[in-house]
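# Chain and residue survey
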Amino acid sequence: MKIKYYILLAGSLVFGCNQSKTGESGDGAEKKLVIGATMLSMQNEFIVNVNDEMEAKAKELGVELITVDAERSALKQVEQVESFIAQGVDAIIMNPCEVEASSPAVKLAMDAKIPIINVNSETSAKPTAFVGSDDTESARIAMKYIVDKLGGKGNILMMHGFMGQAAQIKRDNGAKEILKANPGLKLLAEQSGEWDRAKGMSLTENWIQSFGPKINAIFAQNDEMGMGAVKALEAAGLKGKVIVVSVDAIPDALQAVKKGTLDATVFQNAKEQGGKAIETAVKAAKKQAFEKEVLIPFQLVTKENAGEFLK
């Protein structure tokens, strides 16, 4: 906790110095833009990848980026946005923890006339702009792959992310849509693994005890849980008998797909999401024209094309 506090304090001091330097100079030099970013969890590899790209783009554009970790807490996220508003940042990027519980943060920023851009995930409150992908489509792609591999018949298990988060809700909707269209597939069970690899492994171990050889496929709503599922299935000697598909295409998952341990993943473009979020925030802060919704497409990754994504 001390480290994270120090990072926030350091960011605040940098911002304070930038402000005073500009205010005292009187030479008409343009003030360096400061963007505050609150991220769902810096323990999640995909979110870290998005933030890395945000940092790279911020450096490229010459803007100051202050990143804080919401640690999966919507309440903390709202407080972080309040702090950014108090600091007088020029724009805010939020990677929402929850659809509803993170929404007050959007209203606070909008009321303060500070642009707020949601990246990767959504809130019910409408922000200045959204940069991400259509999570419903990612689940459709994953489930269609399972349908094809099972010939439209079999028993499926679904591992959810954090309940109430936009990605969880939309990936659930997309998966259920494909299940409804394929009555030969039966959903044996569904439960949250909270986007976490260890929890995904534990959940799969429990399912193996409950369903054993009845399991034909597992759809994990992200790669972290998918990789946990693979580990549990391998330990039980069942991996060759169960299809596992997940979403994000993080490096670990791409390597696993290439090796054939993870059957498929759905590529979500962290680089594009992070870069476009910063670009949109900068344009909004400068009152330039910007797109209010930037949707970046998903792509299926299998053993055949995994190499293209590993380059």
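Cut-offs and rules
- Residues numbered from 1 in each chain as written.
- Predicted model: local features only at pLDDT ≥ 70, side-chain atom pairs only at ≥ 80, totals over all residues.
- Heavy atoms only, no water.
- Pairing = 2+ DSSP bridges.
- Helix = DSSP H or I, 4+ residues; strand = E, 2+ residues; numbered from the N terminus.
- Axes fitted to C-alpha atoms, helices over the stretch in contact; angles between N-to-C directions.

### Examining the sheet that holds strand β11 (residues 293–295)
Ordered in space as β2-β1-β3-β4-β5-β11, the six strands form an open sheet in which the pairing is parallel. Both edges of this open sheet fall to β2 (64–69) and β11, since each of them pairs with a single strand only. Here the strands of the sheet are splayed against their neighbours by 20° on average, with no regard to which way each runs. Relative to β11, strand β5 (residues 129–132) is paired through three bridges, and the arrangement is parallel. Bridge pairing links Gly 132 to Leu 295 in β11.

### Observations concerning unusual backbone geometry
Phi at Trp 195 is positive, roughly 65°, even though this residue is not glycine. Here Trp 195 is to be found in the loop between β7 (185–192) and α7 (197–211). Positive phi, close to 60°, is recorded for Lys 287, a residue that is not glycine. Assignment of secondary structure puts Lys 287 in the loop between α10 (270–285) and β11.

Note that every value here comes from positions in space, so none of it alone points to a role or purpose.
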